[in-house]
Amino acid sequence: MKLLVSGATTTLQRYAGHECLGRLMTPLNGNTLDGLHRWATVGADNSMLSGVALDRLLTFWDKLAQAHPAGLRFVTAPDDAQKRSTGEIVVSWGGTLALWRVFGPKLAILGLPAAIVLQDGATGDTVPWDAVQAVFVGGTTSWKLSRQAHAIMAQARCRGKWVHVGRVNSLRRVTHFEQAADSFDGGQFSMFPDTYIPRYLERLRYRQESLWQL
């Protein structure tokens, strides 16, 4: 499993080339897309929780399509998710599917690897498998850790789809997802990169080496 980090450019440069590290791009992080070809794993989130304007998101997609790094694994379509002032995340799977029907085809036209954001209420038979190349596991924390979410993740892996999990900010959470996902991200890696990136990369490398020896 790979750690994808948004921002933290200086720290990422020090660890560039690490087999467990990749880049997470967003329309709001302000990073240039130059140099993405040097990364083996790149993902792109939509910044909907941060209130991104759709025209800015579409411009971001155009730039990604022009750069189109070989390591690009997923680009998330907009999802129906909002963060309240209390920090509570409110999501709608029905709303996310409605947005997918509008924006999923736009990603396909641009030739980008389209990902749908899984939310509370998602089921394996409601995911548009034929159109997605990846799934991004969002939703509330309780749903993300549920058997339902893991069943969809397992189905995605069986179908050869990339599985990314958002908001993973503890080693316990990494352990929970490491057999089910291909990559993950978390806000702490952008806010405190020198503290958390080396710590988690060491853990990921150790776990991968241990699995290879089985």
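So, here is what we can say about the structure in this document. (Residues numbered from 1 in each chain as written. Predicted model: local features only at pLDDT ≥ 70, side-chain atom pairs only at ≥ 80, totals over all residues. Heavy atoms only, no water.)

1. Considering the layout of surface pockets
Turning to step 1, where the next piece is worked out: The space that makes up the largest pocket amounts to roughly 690 Å³.
Turning to step 2, where the next piece is worked out: Contributing to the lining of the largest pocket are 33 residues, with Asp 45, Leu 49, Ser 50, Arg 167 and Asp 185 lying nearest its centre.
Turning to step 3, where the next piece is worked out: Looking at the lining of the largest pocket, the elements that each hand over two or more residues are β1 (2-5), β5 (81-83), β6 (89-91), β8 (134-137) and α7 (187-191).
Turning to step 4, where the next piece is worked out: Looking at the lining of the largest pocket, the element that brings in the most residues is α7, giving three residues.
Turning to step 5, where the next piece is worked out: A breakdown of the residues in the lining of the largest pocket according to their chemical character gives 13 nonpolar, 14 polar and six charged.
Turning to step 6, where the next piece is worked out: Roughly 250 Å³ of internal volume is contained in the second largest pocket.
Turning to step 7, where the next piece is worked out: Along the wall of the second largest pocket there are 13 residues; nearest its centre are Thr 9, Gln 13, Arg 23, Arg 38 and Trp 39.
Turning to step 8, where the next piece is worked out: Per-element accounting of the lining of the second largest pocket gives the leading share, three residues, to helix α1 (residues 9-15).
Turning to step 9, where the next piece is worked out: For the lining of the second largest pocket, the class distribution of residues is four nonpolar, six polar and three charged. (1 Å grid on protein atoms, 1.4 Å probe; cavity = no way out; pocket = protein on both sides within 12 Å on 5 of 7 lines; lining within 4 Å. Points joined across faces, edges and corners; volume = space filled by probe spheres on them. Helix = DSSP H or I, 4+ residues; strand = E, 2+ residues; numbered from the N terminus. Nonpolar A, V, L, I, M, F, W, Y, C, P; charged D, E, K, R; others polar.)

2. Things to note about unusual backbone geometry
Turning to step 1, where the next piece is worked out: A positive phi angle, near 65°, is found at Ser 47, a position not held by glycine.
Turning to step 2, where the next piece is worked out: Take Ser 47: its relative accessible area is 10%, and that puts it in the buried class.
Turning to step 3, where the next piece is worked out: The residue Arg 167 is not glycine, and still its phi comes out positive at about 55°.
Turning to step 4, where the next piece is worked out: Along the chain, Arg 167 falls in the loop between β9 (162-165) and α6 (171-177).
Turning to step 5, where the next piece is worked out: Assessed through its relative accessible area of 28%, Arg 167 is described here as partly exposed. (Buried < 20%, exposed > 50% of the residue type's maximum accessible area, 1.4 Å probe, protein only.)

3. Structural notes on the nonpolar core
Turning to step 1, where the next piece is worked out: If you look at the biggest cluster of nonpolar residues, it comprises 53 residues, and the most contacted ones within it are Leu 3, Ile 116, Leu 118 and Phe 184.
Turning to step 2, where the next piece is worked out: Sort the elements by how many residues they give to this core and helix α3 (residues 93-110) lands first, with five residues.
Turning to step 3, where the next piece is worked out: Sequence-distant contacts of Phe 184, defined by excluding residues within four places in its chain, comprise Met 1, Lys 2, Leu 3, Leu 4, His 164, Val 165, Val 168, Val 174, Phe 189, Tyr 200 and Leu 204.
Turning to step 4, where the next piece is worked out: Within the second largest apolar cluster, eight residues are counted, among which are Leu 4, Leu 24, Phe 74 and Ala 115. (Core = buried A, V, L, I, M, F, W, Y, C linked by side-chain atoms within 4.5 Å. Contact = heavy atoms within 4.5 Å.)

4. Remarks on the sheet that holds β8
Turning to step 1, where the next piece is worked out: Spatially, the eight strands close up into a barrel ordered β1-β2-β3-β4-β7-β8-β9-β10, and their pairing is parallel.
Turning to step 2, where the next piece is worked out: Of the pairings in the sheet, the one linking β1 to strand β10 (residues 183-184) comprises two bridges and is parallel in character. In the sheet register, Lys 2 faces β10, and the bridge partner there is Ser 183.
Turning to step 3, where the next piece is worked out: Against the sheet, helix α2 (residues 54-67) touches β2 (21-25), β3 (42-44) and β4 (72-76), its axis set at about 165° to β4.
Turning to step 4, where the next piece is worked out: Across the sheet, helix α5 (residues 147-158) is in contact with β7 (114-118), β8 and β9; its angle to β9 comes to roughly 150°. (Pairing = 2+ DSSP bridges. Axes fitted to C-alpha atoms, helices over the stretch in contact; angles between N-to-C directions.)

5. Considering the packing of aromatic side chains
Turning to step 1, where the next piece is worked out: Across all of its chains, the model carries six aromatic pairs by this definition.
Turning to step 2, where the next piece is worked out: Seen from their ring centres, Tyr 196 and Tyr 200 are 6.3 Å apart, and the 65° between their planes marks the pair as edge-to-face. Taken together, the residues Tyr 196 and Tyr 200, both in helix α8 (residues 193-212) and four residues apart, mark about one turn of the helix.
Turning to step 3, where the next piece is worked out: On the accessibility criterion, Tyr 196 (22% relative accessible area) is partly exposed.
Turning to step 4, where the next piece is worked out: Among the aromatic residues, those joined into a ring-pair cluster are Phe 184, Phe 189, Phe 192, Tyr 196 and Tyr 200. (Phe/Tyr/Trp six-rings, centres within 6.5 Å; stacked < 30°, edge-to-face > 60°.)

6. Some words on the pattern of salt bridges
Any two side chains of opposite charge can pair if their charged atoms end up close together.
Turning to step 1, where the next piece is worked out: Summed over the entire model, instances satisfying the criterion amount to four salt bridges.
Turning to step 2, where the next piece is worked out: Residues Glu 19 and Arg 205 are paired through a salt bridge, measuring 3.1 Å at the closest nitrogen-oxygen approach. Of this pair, Glu 19 sits in the loop between α1 and β2 while Arg 205 sits in helix α8, and the two are 186 residues apart along the sequence.
Turning to step 3, where the next piece is worked out: Owing to a relative accessible area of 32%, Glu 19 belongs among the partly exposed residues under this scheme.
Turning to step 4, where the next piece is worked out: A relative accessible area of 34% means that Arg 205 is categorised as partly exposed.
Turning to step 5, where the next piece is worked out: Where Arg 157 meets Asp 182, a salt bridge forms, and the shortest distance between an N and an O atom there is 3.7 Å. In this pair, Arg 157 is assigned in helix α5 and Asp 182 in the loop between α6 and β10, connecting sequence segments 25 residues apart.
Turning to step 6, where the next piece is worked out: The exposure class assigned to Asp 182 is buried, which follows from its relative accessible area of 17%. (Salt bridge = Lys/Arg side-chain N within 4 Å of Asp/Glu carboxyl O.)

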